[in-house]
Amino acid sequence: MLIAVVAIVVLLLVFSGIYTDYLWYDSVNFSSVFSTMLLTQVVLFVVGAALMIAIVGGNMVLAHRTRPMFGPGMFGAPQGADRYRVALDPHRRLVFLVGMGVLALFTGSSTAGLWRTWLQFVNRTPFNEKDAQFGLDLSFFVFTIPFLRMLLNFLFTAVVLSIIAATVVHYLYGGFRISSPGGVHATRAARAHLSVLLGVFVLLKAAAYWLDRYSLVFSDRGKTFGASYTDVHAVLPAKGILAVISLICALIFFAGVIRPGGMFPGVAFGLLVLSAVLIGTVYPSLVEQFQVKPNQQSKEQAYIQRNIDATRKAYGVDTAKVTEYSAKTDADASVLQTEASAIPGMRLLDPSLLSPTFQQKQQIKGYYQFPEQLDIDRYPVDGKPRDTVVAVREIGRPPDGQRNWINDHLVYTHGFGFVAAPGNKVDSSGLPEFSERDIPPVGDLGDYEPRVYFGENSPDYSIVGGPESGKKIELDYPQQGQSGADQQNTTGQVNSTYEGKGGVSVGNFFRRLLYAVKYGETNLLLNSNINSESRILYNREPVERIQQVAPFLTLDRDPYPAVVNGRIVWIVDAYTTSDSYPYSERKSLESLTTDVQSSRLGVPQVPRDEVNYIRNSVKATVDAYDGTVTLYAWDESDPVLKTWEKAFGGVVKPASQISQALRAHLRYPADLFKAQREILTSYHVTDANAFFGGQDFWKVPEDPATGKSKQPPYYVTMKMPGSETERFSLTTTFVPNQRQNMAAFMAVDATAATPNPSLEILQLPSTTAVQGPPQAQNLFESNPTVSERLNLLRGTAGATDVLYGNLLTLPFGNGLLYVEPVYIQPRAESSGKYPTLRKVLVLFGEKVGFGDNLSGALEQVFGGTVATPPEQTPDQPPGQVTPPENSSALTSALGQAQRAYEDSQKALSSNPPDWKAYGDAQTALKKALDDLAKLKGGTPASTASPAPSASASPSASGSPPASATPSSTPSG
């Protein structure tokens, strides 16, 4: 009875899992993906299990049927084997069936897990390109070899298990015995049976040796990945010879069927081992040691070149345009005027720092939240597309003390609204000027559906929907003092009922029961708010949702939201990958794409599998309201994508169906760009001899603000040298392997105007004196003027932290310009603190500019005046320009503040500290800061940033409360 109950429970769990998966796929109109995967896995499970049982079980049955007529009497079987046989024989059938069942389960599961390999093989698409060694189409290596390996591994396993099983049965039933000193005595049937099995094993070994010849294109023996000189001139012929020898040895084993004795099998085994050692191992080692290593550069040159060409092609960097760029390190005001048109659109807001600012200014209520890493997109500002920091206001968890099943899954179901801020605008307080904000939404984007039921932080599942006349229990947004039929003033919130088509209907008892089993939650059966119109939403994260419907794709880790045709949609870049592209360098996708931003924010991890081919073949979207998933073929020429389209017909739409509104928000994917820049650290060198020396290799610089990991690439609108117009670009820098000066600057058109835009590299001379990002950061921090002014920003007691934003590198004035925003944030631990933009740092050559805005900082570096309208700056209200007559007063106040600061430090450094002098200096500093605030129209220091009293106790060490070196934060 207990076994029956357990079986029913297990079956119910399995059935609920499979059926609810089907319901989910059907709800997103991808049921064909579910059926194709399920059918393929079931067929592979059945075929694999059946073949394994047939081979292993058949050999066990054959061994049992060919047992000696009188069993142990023939040889006087050992007592041990006799005892085992006597104990086992009564339960022989049960043991056999259980053993075969376990074998079938493990084999079937293993085989079913290889469904991708099978589907790629049966739907393979030619590359119409041939490999450099064998002249075969690349599809043979990408699709066919993995399948043949899978087949050989299966047969090897089956034959080895058959040999073990047959040996055990023959031994138990007297087919052979081991005695001393006579050795092994076997019946003719046992000898013949095992000889055939050993012959089949060696025959498979011959096939494996032959396949190994083609697998040499994946060798890592030489200087680079792919077949090396030794592989081609020693291993390749050795594998062919070993295949022939294995074939001969297999025939010798088969001869043991008709010729008794152990001489033939012994000779075959000895020949096989000896040839494998001498021909397969010793000979290639001798060639490598005495021919290749003394002359490796000349011997490997052709094979290194194959690796270079294949790697560049496989990672899509073969079309990269390299331009020699002799960057200037000095410029005059005329250069500034020439480049001034780009200044108003340059992004200063850093999406990796601004999440707390968005949280404090646009969270509205504590149960909403923004992601730690905001996104960059493009939206029109004053009629021109501008870099814009964007995010959606997602639902978090209910307020503290209000957590229960109803609130978690029926009330707090969705976020509300899209928030956007132009990257080049801040208000007088250094805060973003939001172009889309508030609840209900207000801004430039017009009417759109603001509810976010599918997002990066949505609840694991929610129950939504109901009849139009029914009670509305979903929190829509907090009450703002309006009145109306749908607004419940008594509750302080506006409630709603989901009207979308997303999710799975749970209007009947049977489905509610299945989901109650799936989630282990009885409330799904008992709660009265669940009605005939209710729907359950789950698998709600955009990346998770797309991965479910397209398991053959690798997804970018950074989905970003956009408002398209009146809906918020999540846009996700998807890749087709392979690790079987001939000669192309294999790299871990995780190592290729990890930088300080991904490691710091803990974004979802990409697979750690090695790849040596990648294409951004698909653009995917998820509707934030109804969860609709749409896949568009972006690189329609990709053979790997074509293969998957054959396997899953109709799930990927052609690129021609991408609307212009959506196309305006597509961008070049960050993870692909990271992988390509990592490859180009070495593979920008296209000459085999230079590549062998490696003296011109680059590296991605460490993040300047932290000195850790790699600096992330940045989206920014800029103009490349020789171009007449600005464009939205993705940029990065390179430094030499052993130095920190600039080696190259790389950018790509990120507007997604074409599927595969060419990477553009500005390569600086190796003798260049242009600073790399770490050196630029060091110049900023060591500049005396910058250090003094940052100390003033910190306040007299170091109550404020200085945070560095993203250090942008831009071609400017025939040189390279560094631009870095500087934020301040209260140091005290508080849930309400957030950074505000206060200053801008600029570096060109050796000249450092430090201004209230970008124009001012540029003028300090280049001289002259920027012929653009006054920018809105943190220290200056819109349209307000500092009057010339105030200039001397400002200079005087700054001087007084600096002297007061120096006096306070001197008082603290005396032994013992002079507390009276320290108090007098602090009073003078407070007065100077108040004067500065009045001159700039701000709040006096007494209210904006209180200074410590003269009697404030210093630290025990007597060290000054402020440091001359600004603190930093990782840039994004």
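Cut-offs and rules
- Residues numbered from 1 in each chain as written.
- Predicted model: local features only at pLDDT ≥ 70, side-chain atom pairs only at ≥ 80, totals over all residues.
- Heavy atoms only, no water.
- Helix = DSSP H or I, 4+ residues; strand = E, 2+ residues; numbered from the N terminus.
- Buried < 20%, exposed > 50% of the residue type's maximum accessible area, 1.4 Å probe, protein only.
- Contact = heavy atoms within 4.5 Å.
- Areas by Shrake-Rupley, 256 points an atom, 1.4 Å probe, with all protein chains shown as cover.
- Patch = residues over 30% accessible without salt bridge, like charges linked within 9 Å, V, L, I, M, F, W, Y side chains within 5 Å.
- Salt bridge = Lys/Arg side-chain N within 4 Å of Asp/Glu carboxyl O.
- Polar contact = N/O pair within 3.5 Å; in protein donor to acceptor, adjacent residues only side chain to side chain.
- 1 Å grid on protein atoms, 1.4 Å probe; cavity = no way out; pocket = protein on both sides within 12 Å on 5 of 7 lines; lining within 4 Å.
- Points joined across faces, edges and corners; volume = space filled by probe spheres on them.
- Nonpolar A, V, L, I, M, F, W, Y, C, P; charged D, E, K, R; others polar.
- Core = buried A, V, L, I, M, F, W, Y, C linked by side-chain atoms within 4.5 Å.
- Pairing = 2+ DSSP bridges.
- Axes fitted to C-alpha atoms, helices over the stretch in contact; angles between N-to-C directions.
- pLDDT = per-residue confidence, 0-100.
- Phe/Tyr/Trp six-rings, centres within 6.5 Å; stacked < 30°, edge-to-face > 60°.
- Lys NZ or Arg CZ within 6 Å of the ring centre and 35° of its normal.
- Parallel < 35°, antiparallel > 145°, perpendicular 65-115°, else oblique.
- Left-handed = near helix turned anticlockwise from the far one by under 90°.
- Expected span 1.5 Å × (residues − 1).
- Bend = angle between axes of the 7 residues up to and from the residue.

## A short note on the overall build of the chain
When its secondary structure is counted, the chain shows 28 helices and 35 strands. In the chain, which comprises 972 residues, the proportion classed as buried is 52%. Sequence separation of at least 24 residues holds for 69% of the intrachain contacts in the chain that already meet a minimum separation of 6. As displayed, the chain has an accessible area near 41,900 Å², and 56% of this comes from carbon and sulfur atoms.

## Here's the deal with a nonpolar patch on the surface
A cluster of nonpolar side chains, Leu2, Val6, Val10, Val14, Ile18, Leu38, Val42 and Val46, forms an exposed patch at the surface whose accessible area comes to about 670 Å². Among the secondary structure elements, those contributing two or more residues to the nonpolar patch are helix H1 (2-27) and helix H2 (31-65). Counting residues per element, the nonpolar patch draws most heavily on H1, which supplies 5 residues. With respect to the helices and strands, the residue Val46 is situated in helix H2. Looking at Val46, the relative accessible area reads 48%, which means it is partly exposed.

## Thoughts on the environment of Asp387
Checked against the element boundaries, Asp387 lands in strand E6 (residues 384-392). Owing to a relative accessible area of 1%, Asp387 belongs among the buried residues under this scheme. Residues Asp387 and Pro422, spaced 35 residues apart in sequence, show a C-alpha to C-alpha distance of 6.2 Å. Contact partners of Asp387, with chain neighbours within four places excluded, come to Arg347, Ile376, Asp377, Pro422, Gly423, Tyr715, Val716, Thr717 and Phe728. Side chain to side chain, Asp387 and Thr717 meet in a polar contact 2.4 Å long.

## Brief notes about empty space enclosed by the protein
Regions of empty space are outlined by a rolling probe, equal in size to a water molecule, passed over the atoms. Summed over the entire model, instances satisfying the criterion amount to 7 cavities of 30 Å³ or more. Within this model, the second largest cavity holds a volume of roughly 50 Å³. Gln711, Pro712, Tyr714, Thr731, Thr732, Thr733, Phe745, Leu807, Leu808 and Thr809 together form the lining of the second largest cavity. Of all elements in the fold, only strand E28 (727-736) and strand E32 (808-812) reach the threshold of two or more residues within the lining of the second largest cavity. Looking at which element gives the most residues to the lining of the second largest cavity, the answer is E28, with 3 residues. Of the residues assigned to the lining of the second largest cavity, the class counts are 5 nonpolar, 5 polar and no charged.

## Here we look at the nonpolar core
Core analysis: the biggest nonpolar cluster contains 214 residues, and Phe358, Phe648 and Phe862 have the highest contact counts within it. The element contributing the most residues to this core is helix H6 (residues 138-172), with 13 residues. When neighbours within four sequence positions are excluded, Phe648 is seen to be in contact with Val33, Thr36, Met37, Trp115, Leu119 and Phe552. Tyr367, Tyr412, Phe416 and Ile439 belong to the second largest nonpolar core, which has 10 residues in total.

## Quick look at the sheet that holds strand E13 (residues 461-464)
The sheet built from 3 strands is open, its strands ordered E13-E18-E17 with antiparallel pairing. Only two strands of the sheet have a single partner each, and these edge strands are E13 and strand E17 (504-505). Sheet topology note: the E17/strand E18 (residues 535-538) ladder contains 2 bridges and is antiparallel. Across the sheet, residue Val504 finds its bridge partner in E18, namely Ile536. Contacts from helix H14 (residues 509-519) reach E13, E17 and E18, with the element oriented near 30 degrees to E18.

## A closer look at the confidence of the model for the chain
Looking at the chain, the pLDDT average stands at 85 and 85% of residues meet or exceed 70. Low pLDDT, under 50, characterises residues 868-885; the stretch is placed with 36 contacts to residues that sit more than four places away or in other chains.

## A word on unusual backbone geometry
Put simply, Ile439 and Pro440 share a cis peptide bond, and its omega is -15 degrees. Phi at Ser709 takes a positive value of approximately 50 degrees, unusual for a residue other than glycine. Relative to the elements of secondary structure, Ser709 occurs in the loop between strand E26 (698-699) and strand E27 (714-718). Overall, the relative accessible area of 33% leaves Ser709 in the partly exposed class.

## Considering the pattern of salt bridges
According to the stated counting rule, one finds 23 salt bridges in the structure shown. Lys619 is the partner of Asp573 in a salt bridge, and the nearest nitrogen-oxygen pair spans 2.4 Å. Here Lys619 lies in strand E24 (residues 613-623) and Asp573 lies in strand E21 (residues 567-578), a separation of 46 residues in the sequence. Owing to a relative accessible area of 2%, Lys619 belongs among the buried residues under this scheme. Connected via shared salt-bridge partners are Arg557, Asp595, Asp671 and Lys674.

## Quick look at the side chain of Arg312
Counting through the fold element by element, Arg312 comes out in helix H10 (residues 296-314). From its side chain, Arg312 meets the backbone oxygen of Tyr683 in a polar contact 2.6 Å long. Setting aside anything within four residues of it in sequence, one finds Arg312 in contact with Val317, Asp318, Leu680, Tyr683, His684 and Thr686.

## Quick notes on the environment of Leu354
Secondary-structure assignment places Leu354 in the loop between helix H11 (333-339) and helix H12 (355-362). Sequence separation of Leu354 and Pro835 is 481 residues, and the distance between their C-alpha atoms is 6.9 Å. Beyond its immediate stretch of four places on either side in the chain, Leu354 contacts Leu349, Leu374, Pro432 and Tyr823.

## Topic: the pairing of strand E16 (residues 493-496)
Along E16, one buried face is formed by Gln493 and Asn495 and the opposite face, lined by Val494 and Ser496, is buried too. Of the strand pairs in this sheet, strand E14 (residues 474-478) and E16 are connected by 4 bridges, and their pairing is antiparallel. The partner of Pro478 across the bridge, within E16, is Gln493.

## Points about the packing of aromatic side chains
Given two aromatic rings, one states the distance between the centres and the angle between the planes to describe the pair. What the rule picks out here adds up to 44 aromatic pairs. A ring pair is formed by Phe127 and Phe143, whose centres lie 6.1 Å apart and whose planes are at 40 degrees; its orientation type is tilted. Residue Phe127 is located in the loop between helix H5 (115-122) and H6, and its partner Phe143 is located in helix H6; the two are separated by 16 residues in the primary sequence. In terms of burial, Phe127 and Phe143 fall into one category: buried. Considering the side-chain rings of Phe812 and Phe862, the 5.4 Å spacing of their centres and the 55 degrees angle between planes classify their relative orientation as tilted. Linking Phe812 in strand E32 with Phe862 in helix H25 (residues 854-862), this pair joins segments that are 50 residues apart in sequence. Phe862 shares its class with Phe812; the two are buried. A cation sits over an aromatic face here: Arg540 above Phe454, 6.0 Å from the ring centre. Stacked on the ring of Tyr560, the Lys or Arg Arg667 has its end atom at 3.9 Å from the ring centre.

## A few points about the packing of helix H7 (residues 188-215) against helix H8 (residues 229-255)
Their axes nearest at 8 Å, the elements H7 and H8 cross at an angle of 165 degrees. In terms of axis orientation, H7 runs roughly antiparallel to H8. Judged by the sense of rotation from one axis to the other, the crossing of H7 with H8 is left-handed. The residue inventory of the contact of H7 with H8, partitioned by class, reads 16 nonpolar, 4 polar and 4 charged.

## Re the environment of Tyr379
Locating Tyr379 in the fold gives a position in strand E5 (residues 375-381). By relative accessible area, Tyr379 is classed as buried at 7%. With 286 residues separating them along the chain, Tyr379 and His665 place their C-alpha atoms 8.5 Å apart. The contacts of Tyr379, once residues within four sequence positions are left out, are Lys384, Pro385, Arg386, Thr388, Val390, Phe418, Leu445, Pro561, Ala562, Val563 and His665. There is a polar contact of 3.1 Å between the side chain of Tyr379 and the backbone nitrogen of Val563.

## Focus on H6
Here H6 is 35 residues long and its end C-alpha atoms lie 51 Å apart, about the 51 Å a rise of 1.5 Å per residue gives. Its axis deflected by about 40 degrees at Thr144, H6 carries its strongest bend there, up to four residues before the proline Pro146. Of the residues trailing H6, Gly174 is marked for its positive phi of about 85 degrees.

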